[in-house]
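Commentary on secondary and tertiary structure
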Amino acid sequence: MTRFNTNQWLAAILALFAVVYLWMAWQIPSFPLPRPVDSDLFPKVLGFTLLGLAALLFFERPAAAVSDDDAADAAAEPSLESEGQPLMLRPWSRVVVTSMAIVAYAFLLVPLGFVLASTGLGFGLSWYYGYKRHAINLAVALGVVLTLYLTLTRAMGVYLPTGLLPI
């Protein structure tokens, strides 16, 4: 009998969670009128996706073990890695900046609209995390947001705030 590694334990827990989530998704009642997309579709897709990702995590090969010398060196000076970085690029600063960007997005969603606020969030965070090709960054952010907006509003009938743009 082999021992499970950390990834396999996490995968088993995620798979159990996915099975319980799928069981609850099957309990969602169907809408009485026939519709192409019912209220239970998205939770079921999400549950099966989580179950599939848990299976991939379970069968993933573990990374090569770190040698004892490397582990001792890393444990001896954990703070030196972020000491030389500017304040805004340290790991804890990135969490704070990302959280503030999400709060700003929530406040600007209605006044600016879904397209401008979401494009600004995607472009801004990609820029902040170091992506340097700004034209490609803007094109991808705008393309993804417009695709989501048009799919949700035109195909699925979901209301999203238009804001400044007359879309």
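I will try to describe carefully the structure that is included in this document. (Residues numbered from 1 in each chain as written. Predicted model: local features only at pLDDT ≥ 70, side-chain atom pairs only at ≥ 80, totals over all residues. Heavy atoms only, no water.)

Details of the packing of aromatic side chains
The cut-off we apply is this: For Phe, Tyr and Trp, rings pair up if their centres lie within 6.5 Å, where Trp contributes its six-membered ring, and each pair is then called stacked (planes under 30 degrees apart), edge-to-face (over 60) or tilted (otherwise). Each residue is assigned to one of three classes by its accessible area relative to the maximum for its type, calculated with a 1.4 Å probe on protein chains only: buried under 20%, partly exposed between the two thresholds, exposed over 50%.
This structure, assessed with the given rule, holds 7 aromatic pairs. Judged by centre distance (5.3 Å) and plane angle (70 degrees), the rings of Tyr-128 and Tyr-129 are edge-to-face. With a relative accessible area of 40%, Tyr-129 lands in the partly exposed category.

With respect to the side chain of Thr-98
Defined as follows: The helix and strand labels rest on DSSP assignments: H or I over at least four residues marks a helix, E over at least two residues marks a strand, and numbering proceeds from the N terminus. By the criterion applied in these results, polar contacts are pairs of N or O atoms within 3.5 Å in which, for protein atoms, one can donate a hydrogen and the other can accept it, and in which residues neighboring in sequence qualify only through two side-chain atoms. The contact rule is simple, with two residues in contact once any of their heavy atoms fall within 4.5 Å.
In this fold, Thr-98 is placed in helix α5 (residues 91-112). A polar atom in the side chain of Thr-98 sits 2.8 Å from the backbone oxygen of Arg-94. With near-sequence residues (within four places) excluded, Thr-98 lies in contact with Leu-125 and Tyr-129.

Overview of helix α2 (residues 41-58)
Where we set the bar: Each residue after the first adds 1.5 Å to the expected span of a helix.
The terminal C-alpha atoms of α2 lie 26 Å apart, and with 18 residues this matches the ideal 26 Å at 1.5 Å per residue to within 8%. Of the surrounding elements, those touching the buried residues of α2 are α1 (6-26).

Some remarks on the nonpolar core
Selection criterion: Buried residues of nine kinds, namely Ala, Val, Leu, Ile, Met, Phe, Trp, Tyr and Cys, make up a nonpolar core once their side-chain atoms join them within 4.5 Å.
Membership of the largest hydrophobic core is limited to 5 residues, which are Phe-114, Val-115, Val-145, Tyr-149 and Leu-160. Elements supplying a minimum of two residues to this core: α6 (114-128) and α7 (134-155).

Brief notes about the packing of α5 against α6
So the rule is basically this: Axis geometry follows a simple rule: fit a line to the C-alpha atoms, using only the stretch in contact for helices, then measure angles between N-to-C directions, giving values from 0 to 180 degrees. Here roughly perpendicular refers to angles of 65 to 115 degrees, roughly parallel to angles under 35, roughly antiparallel to angles over 145, and oblique to all remaining angles. What makes a crossing left-handed is the near helix being turned counterclockwise from the far one by less than a right angle; a clockwise turn instead makes it right-handed. Only Asp, Glu, Lys and Arg are considered charged, only Ala, Val, Leu, Ile, Met, Phe, Trp, Tyr, Cys and Pro nonpolar, and every remaining residue, Gly among them, polar.
Where α5 meets α6, the closest approach of the two axes is 8 Å, and the angle between their N-to-C directions is 165 degrees. The angle between α5 and α6 falls in the class roughly antiparallel. Two packed elements cross with a definite hand, and for α5 against α6 that hand is right-handed. Contacts from Ser-93, Arg-94, Val-97, Thr-98, Ala-101, Ile-102, Tyr-105, Leu-108, Leu-109 and Leu-112 of α5 reach α6 at Phe-114, Leu-116, Ala-117, Ser-118, Leu-121, Leu-125 and Tyr-128. Class assignment for the residues of the contact of α5 with α6 results in 13 nonpolar, 3 polar and 1 charged.

Focus: a nonpolar patch on the surface
Defined as follows: Excluding any residue in a salt bridge, patches collect residues exceeding 30% relative accessible area, merging like charges within 9 Å and nonpolar Val, Leu, Ile, Met, Phe, Trp and Tyr side chains within 5 Å. Only the protein chains shown count as cover for residues, and all accessible areas are computed by the Shrake-Rupley method using a 1.4 Å probe. Think of a salt bridge as a Lys or Arg side-chain nitrogen and an Asp or Glu carboxyl oxygen that are within 4 Å of each other.
A cluster of nonpolar side chains, namely Val-37, Leu-41, Val-45, Met-156 and Val-158, defines an oily patch on the protein surface of about 380 Å² accessible area. Following the sequence through the fold, Met-156 ends up in the segment after α7. Taking the relative accessible area as the measure of exposure, Met-156 reaches 45% and is therefore partly exposed.

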